[in-house]
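The lines below spell out each chain.
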Amino acid sequence: METGLLHLHSSLRYIVLAALLYAIIKGWKAGEQAVEGKERRPYLIAMIVAHIQLLLGLGLYFMGENGLTALNSLFDTGASLFSSLGFFGIIHFVLMVTAITLITKAHSLAKKNATHRSVVRLMLFALLIVLVAIPWPFYGYGSGFFPGM
Ligand code: HEM
């Protein structure tokens, strides 16, 4: 089950990135206008996909080898924060939870009829954090661009 969860979490990164990009591009085009009615939908979709990813991530964190277990080993061994233990035990977890909080805040601004510009600013910031915190193969962590293939 854990392998299935990992593959799902890994593949969903592309949907998260696509949903964020779509929301940002749509919102960017609308500029300083207030968010109204159906215009909220791209922000809502980005938030839903991010929350599904959060749930899968929490599952992996508490049940898998690379979450809480990694954190314990990190403290036991005194390994570096930039080792695989530090990356999954702390960096990935903290940065992703921060990004998902920003996405949630952005959606709540959109519900309060804030301007697209202010919503997009938060979404952009979240996108940058997500891009940095994904364990890309060139970091030396994780199991590649398409695990299981
Ligand atoms: C937008 C949010 C997120 C994205 C895009 C994302 C993406 C990824 C990717 C691509 C991997 C590598 C999978 C592999 O090795 O094939 C991964 C691993 C992992 N993620 Fe996330 N993640 C996100 C949020 C989270 C959150 C919020 C948590 C924890 C609460 C989390 C916990 C984990 C854990 C524990 C692993 C390692 C799994 C293992 O190797 O056993 N992720 N994540």
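Heads up: the structure comes first, above all this text.
A brief structural summary.

Criteria and cut-off values
- Residues numbered from 1 in each chain as written.
- Predicted model: local features only at pLDDT ≥ 70, side-chain atom pairs only at ≥ 80, totals over all residues.
- Heavy atoms only, no water.
- Phe/Tyr/Trp six-rings, centres within 6.5 Å; stacked < 30°, edge-to-face > 60°.
- Buried < 20%, exposed > 50% of the residue type's maximum accessible area, 1.4 Å probe, protein only.
- Donors = N, O, S within 2.8 Å, 3.2 Å for Na, K, Ca; no water.
- Tetrahedral: all angles 85-135°; square planar, octahedral: opposite > 155°, others 65-115°.
- Helix = DSSP H or I, 4+ residues; strand = E, 2+ residues; numbered from the N terminus.
- Near = heavy atom within 4 Å.
- Polar contact = N/O pair within 3.5 Å; in protein donor to acceptor, adjacent residues only side chain to side chain.
- Nonpolar A, V, L, I, M, F, W, Y, C, P; charged D, E, K, R; others polar.

Quick notes on the packing of aromatic side chains
Within this structure, the stated rule accounts for 11 aromatic pairs. Ring centres of F87 and F88 lie 5.2 Å apart, and the angle between their planes is 85 degrees; on these two criteria the pair is classed as edge-to-face. A single burial state applies to F87 and to F88, both of which are buried. Clustering of aromatic rings is evident, with ring pairs tying together F87, F88, W136, F138, Y139, Y141 and F145.

Looking at the coordination of the iron atom of the ligand
The iron atom of the ligand binds to the protein through H9 (NE2) and H92 (NE2); the donor distances cover 2.0 Å. Taken together, the six donor atoms coordinating the iron atom of the ligand span angles of 85 to 180 degrees at the metal, a pattern that classifies the geometry as octahedral. Taken together, the residues H9 in helix α1 (residues 2-30) and H92 in helix α4 (residues 84-111) connect sequence positions 83 residues apart. Per residue, the accessibility class of H9 equals that of H92, and both read buried.

Focus on the site of the ligand
Close contacts around the ligand come from 22 residues, with H9, S10, N66, H92 and S143 the closest. One of the side-chain nitrogen or oxygen atoms of N66 is found 2.8 Å away from an oxygen atom of the ligand. In this structure, an oxygen atom belonging to the ligand sits 2.6 Å away from a side-chain N or O atom of S143. Residue classes in the shell around the ligand are distributed as 12 nonpolar, eight polar and two charged.

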